[in-house]
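Single-letter residue listing:
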Amino acid sequence: MQQLTQQLKTGQMEIVEVPVPRLQSGQLLVRNHYSVISAGTEGKTVSDARKGYLAKARSRQKEVKQVLDLVKAQGFKAAYDVVMNKLEALSPLGYSCAGEVIAIAPDVKGFKVGDKVACGGATASHADVVAVPKNLCTKVADQVSSKEAAFTTIASIALQGIRQSDLQVGGTCVVIGLGLIGIIAMKLLEASGIKAFGIDVDAGAVERARKKFGFSAALRSASGLVDEVQLGSGGYGADAVLITAGTSSLDPVNLAGQLCRQKGIVVVVGAVPTGFDRKDYYRKELDLRMSCSYGPGRYDARYEEQGIDYPVAYARWTEQRNMQTIADLLAADKLVFSDMISHTFPLEEASKAYGLILEKKESFLGILIRYPEETAEVDRIVFPHTTARPEEPRIGVLGAGSFAHNVMLPLLHQNGHLEAIATSQGTAAVFAARKYQLRMATTQMEALLDDEQLNTMVILTRHNHHAHQVMAALRARKHVMVEKPLCINEEELEEIRTYYESIPGTKPLLMVGFNRRFAPATRDSLLHINARLPRSIQIRVNAGTLPPEHWVHDPKAGGGRIVGEGCHFIDLAACLAGSEIVRVAASAMQTPGSTCDTVTVNLEFKNGSVAGIAYFSNGNKRVAKEEIEIFSGGTVLRIIDFKLLEINTERNTKTIKYKTADKGHRNEVSLFMQAIREGREAPITFDQIYQSMKATFAVETSIREKRSLALTQ
């Protein structure tokens, strides 16, 4: 199948051959018939991508600050690599389409193969086939053309703005901005029995609204504009004003204040600044509201990704129910979009459509992309490749998020024969395959498991997938390296243990990404400790905040921050102690959102060592993120952010400074690949992995039950 992408570095557009997206839980697989280009949102994205670096920086100052912070924390090269990976990636475009359902996940109800649907959201892109969550799809009646249905998501943006205005039949509304969303808003208002009046700075847009659509409209510069609105509203002023324009000017929001009646409502739908002159808003006691995209549920992972609907009694109009309203109006001929279609391009000519938007050489409104009725739907793309030596680790990777691109893929490429990658979205897999000259890009894990040429699997997916994917890779007799955590609950841990110990003969290697034990600072520290003496260890982590809605906090997706990241420091403590954990006690501070991520942990070890872990989320970035102190036999060692090791003895103090904040990823990958080549044990034994995860789950139990726990094997 083919998909439209652009590179954020240069703005270059490309129709890429990609594998069909993987159908995941809660999703529908849809063959697109048409998709709509959002001239405002997508036009700005494409325009920004074609700017030079300086212009990009000016338009994205928040991201520039993040890069500068990254330079301070990790150095220039690491920050540069992160930025380039982002800019060079194949970025999909589009968010409003319509087509036919060709597959449904087993847990999806209310849809069937063959249904005509309209789709929205980040995965409803300009591609032959898309995988879309069920709450971002709505059925479309057979009599509604796919051309019109493709506007459903964009129309829902206008509808949500109207709902925010609390307008009633017979009311008056002014729409500022007569682009695509503005015209749809005018159509919806008139269909609802509301007097609508449009305003735009562009004479052509005003003329089109009047002559083509028969709307009352005026140019922004027209004299007597306020009087005209007053006259059309019985002398009161507008009950509501919808701002559907996109501009950096304050004029739309100030004009709205002039046009509204006493206690009227101004709704911001488009991208405009919200500063305003106080006089009109103060004297009229106006209500300024924001309208969020397609409606309630937008940007809520529980609604969009997990398919958890909002109760209709408390959220009558969700984004899906807004989409369904548009589809119903189209089916009843109460709404018509066919007269808004100004251009239609086949997918292979999609770049011309964006040229039309950016160059503005001719008038446009609704721009469609058309897809072929028949598409070659393959689950993998094969590329020319070199053959690995028999003793080399031949690596397949699951997942290609930011950690994979910024850290793991370069290291795997350097330390083994990186051959194949699987991701849920084909663009990510193809980008990685091109960059590292891989043999195969796919969206199906099974393609890697069944590939007899691969002997090693590296798992870099979300936490909730780890246990299942580890088990599948072990059953396929592959060596496994999985990013932490190994799993997200004790049941999964015991299942992995039972299976791994039951494997007859020579077992595949299993390694978890507990990289900090391989950091140069950690390894140098161990050289200065008497192995026969117990140690007192203090690890302080300035973890920073994550919003309560972040997926890591979700017990079903991320397992929480203790499991998702705290396991790192439990394993590090065990490594520094050089002994088994025998007792765990922990307590947590109450935090907003009950996120359980400001925690103290006390560990006791078999050799008499003790460790305290202070994992805090309520600090700030001005303080070092990780500080570790080790006391033993009169020697005190301090590790600060893995950049500096301070060795304090009774005689003197020595300081070792490292070039970068090396947290051990390079050594971890190198040692694991070396173990595969030489047929040795993994750098971390299974017992060590098991114990670190067991202790991690004991921390959660200790917090929940307010008691210490003895660990038993």
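Throughout this document, residue positions are counted from 1 along each chain, in the order its sequence is written. Given that this is a predicted model, residues contribute local features only at a pLDDT of at least 70 and side-chain atom pairs are listed and counted only at 80 or more, while totals for whole chains, interfaces and linings are drawn from all residues. Note that the side-chain values use all heavy atoms of the structure and ignore hydrogens as well as water.

With that out of the way, let us pick up the overall build of the protein. Strands here are runs of E lasting at least two residues and helices are runs of H or I lasting at least four, both read from the DSSP assignment and numbered beginning at the N terminus. In terms of regular secondary structure, the protein is built from 23 helices and 32 strands. Summarising its shape, the C-alpha atoms of the protein cover approximately 90 × 60 × 50 Å along the three principal directions. Only protein chains enter the accessibility calculation, which uses a 1.4 Å probe; a residue whose area is less than 20% of its type maximum is buried, one above 50% is exposed, and one in between is partly exposed. Counting only residues that meet the buried cut, the protein has 54% of its 713 residues in that class. Here, two residues are considered to be in contact whenever any of their heavy atoms come within 4.5 Å of each other. Contacts in the protein between residues at least 24 apart in sequence constitute 66% of all its contacts with a sequence separation of at least 6. The protein chains shown are the only cover counted for residues, whose accessible areas, like all others here, come from Shrake-Rupley with a 1.4 Å probe. As displayed, the protein has an accessible area near 31,600 Å², and 51% of this comes from carbon and sulfur atoms. Note on charges: Lys and Arg go in the positive column, Asp and Glu in the negative column, and His and the chain ends are not counted at all. By convention, charge coordinates are those of NZ in Lys, CZ in Arg, CG in Asp, or CD in Glu. The distance from the centre of the 84 positive side-chain charges to the centre of the 78 negative ones in the protein is 4 Å.

Here we come to the state of the cysteines. The definition used for a disulfide is geometric: two cysteine sulfur atoms within 2.5 Å. Tallied over the full model, the rule gives zero disulfides. With no disulfide partner, C173 has as its closest neighbouring cysteine sulfur the one in C260, 8.5 Å distant. With a relative accessible area of 0%, C173 lands in the buried category.

Gaps left between atoms show up when a probe the size of a water molecule is rolled over them. In this structure, the second largest pocket occupies an estimated 300 Å³ of space. For each structure, a 1 Å grid was placed over the protein atoms alone; sets of points admitting a 1.4 Å probe that cannot get out are labelled cavities, open sets with protein on both sides within 12 Å along at least five of seven lines are labelled pockets, and lining residues have an atom within 4 Å of a point. Around the second largest pocket, the lining comprises 17 residues; the ones closest to its centre are Y500, P508, L509, E681 and A682. For the lining of the second largest pocket, the elements supplying multiple residues, two or more each, are α19 (490-502) and α22 (665-678). Ten residue types, Ala, Val, Leu, Ile, Met, Phe, Trp, Tyr, Cys and Pro, are classed as nonpolar, four, Asp, Glu, Lys and Arg, as charged, and the remainder, Gly among them, as polar. When grouped by side-chain class, the residues that make up the lining of the second largest pocket number nine nonpolar, four polar and four charged. Grid points are joined across faces, edges and corners, and a volume is the space filled by probe spheres set on the points.

Our next topic: the nonpolar core. Counting 145 residues, the largest nonpolar core has L412 and L486 as the members making the most contacts within it. The biggest single contributor to this core is helix α7 (residues 180-191), with eight residues. If sequence neighbours within four positions are ignored, L412 has contacts with I395, V397, L418, V458, V669 and M673. Residues F605, Y615, I647 and V699 belong to the second largest nonpolar core, which totals 39 residues. Definition of nonpolar core: a set of buried residues of the types Ala, Val, Leu, Ile, Met, Phe, Trp, Tyr and Cys, connected through side-chain atoms within 4.5 Å.

All right, on to the sheet that holds strand β10 (residues 195-200) then. Within a sheet, each strand pairs with its neighbour through backbone hydrogen bonds, oriented either parallel or antiparallel. By this definition, two strands are paired if DSSP reports at least two bridges between them. Reading across the sheet, the six strands line up as β11-β10-β9-β12-β13-β14 and stay open at both edges, with parallel pairing between neighbours. Only two strands of the sheet have a single neighbouring strand rather than two, namely β11 (216-219) and β14 (287-290). The sheet shows a mean angle of 20 degrees between the axes of neighbouring strands, taken without regard to direction. Alignment of strand β9 (residues 172-176) against strand β12 (residues 238-243), held across four bridges, turns out to be parallel. Its bridge partner being in β12, V174 is matched across the sheet by V241. Angles shown run from 0 to 180 degrees and are taken between the N-to-C directions of axes, each axis being a line fitted to C-alpha atoms and, for helices, limited to the stretch in contact. The sheet strands contacting helix α6 (residues 152-164) are β12, β13 (260-268) and β14, and the helix crosses β13 at an angle near 150 degrees. Strands β9, β10, β11 and β12 of the sheet are contacted by helix α9 (residues 225-232), whose axis makes an angle of about 170 degrees with β10.

Right, let's get into the packing of aromatic side chains. Side-chain rings of Phe, Tyr and Trp (the six-membered ring for Trp) are treated as a pair once their centres are within 6.5 Å; stacked means planes under 30 degrees apart, edge-to-face means over 60, and tilted covers the remaining angles. Tallying each qualifying case throughout the model produces eight aromatic pairs. Ring centres of F276 and Y281 lie 4.2 Å apart, and the angle between their planes is 35 degrees; this geometry places the pair in the tilted category. On the accessibility criterion, F276 (36% relative accessible area) is partly exposed. Put simply, the rings of Y500, F686 and Y690 pair up and form one aromatic cluster. To sit over a ring, a charge needs its Lys NZ or Arg CZ within 6 Å of the ring centre and within 35 degrees of the ring normal. Against the face of W317 rests R316, its NZ or CZ located 4.0 Å from the ring centre. Across from the ring centre of Y499, 5.0 Å away, lies the NZ or CZ of R475, which sits over that ring.

The strand order across the open sheet formed by nine strands is β31-β30-β29-β28-β24-β27-β26-β25-β32, and the pairing between neighbours is mixed. The open sheet has two edge strands with one neighbour each: β31 (653-657) and β32 (709-710). Each of β25 (581-588), β26 (599-605) and β32 touches helix α23 (residues 686-705); the most contacted strand, β25, lies at about 40 degrees to it.

Before going further, it helps to examine empty space enclosed by the protein. Taken as a whole, this structure holds two cavities of 30 Å³ or more when the rule is applied. Within this model, the largest cavity holds a volume of roughly 90 Å³. For the largest cavity, the full set of lining residues is I562, G566, F569, I570, V599, V601, I613, Y615 and V699. Broken down by secondary-structure element, the contributors of at least two residues to the lining of the largest cavity are α21 (561-577), β26 and β27 (610-616). Broken down by element, the residue count for the lining of the largest cavity peaks at four residues, all from α21. Along the lines of polarity and charge, the residues of the lining of the largest cavity split into eight nonpolar, one polar and no charged. Here the second largest cavity defines a volume of roughly 50 Å³.

Here we take up the environment of M445. By secondary structure assignment, the location of M445 is in helix α17 (residues 445-449). Separated by 50 residues in the primary sequence, M445 and I395 place their C-alpha atoms 13 Å from one another. In this structure, M445 is in contact with L398, A422, H468, Q469 and A472, ignoring residues within four places of it in sequence.

Right, let's get into unusual backbone geometry. In this structure, the amide linkage connecting K484 to the following residue, P485, adopts the cis form with an omega of -5 degrees. Residue placement: P485 occurs in the loop between β22 (479-482) and α19. Positive phi values are uncommon outside glycine, yet D166 reaches one of about 55 degrees. Phi angles above zero are rare outside glycine, and E285 is one such case at about 50 degrees. Within the element layout of this structure, E285 appears in the loop between α11 (278-283) and β14. When its relative accessible area of 48% is taken as the criterion, E285 is described as partly exposed.

What follows covers the pattern of salt bridges. The working definition used for a salt bridge is a side-chain nitrogen of Lys or Arg within 4 Å of a carboxyl oxygen of Asp or Glu. Scanning the model with the defined rule gives 38 salt bridges in all. Taking the shortest distance from any N to any O, the salt bridge between R289 and D166 comes out at 2.9 Å. In this pair, R289 sits in strand β14 while D166 sits in the loop between α6 and β9, placing the two residues 123 residues apart along the sequence. The class for R289 is partly exposed, based on a relative accessible area of 22%. R321 is paired through a salt bridge with D309; the nearest N and O atoms lie 3.0 Å apart.

Attention shifts here to the environment of Y658. Relative to the elements of secondary structure, Y658 occurs in the loop between β31 and α22. Separated by 16 residues in the primary sequence, Y658 and F642 have C-alpha atoms spaced 7.7 Å apart. The residues touching Y658, leaving out its near neighbours within four places in the chain, are P520, A521, D524, F642, K643, L644 and L645. Between N or O atoms, a polar contact is any pair within 3.5 Å; within protein, one atom must be a potential hydrogen donor and the other a potential acceptor, and residues adjacent in sequence are included only when both atoms are from side chains. There is a polar contact of 2.6 Å between the side chain of Y658 and the side chain of D524.

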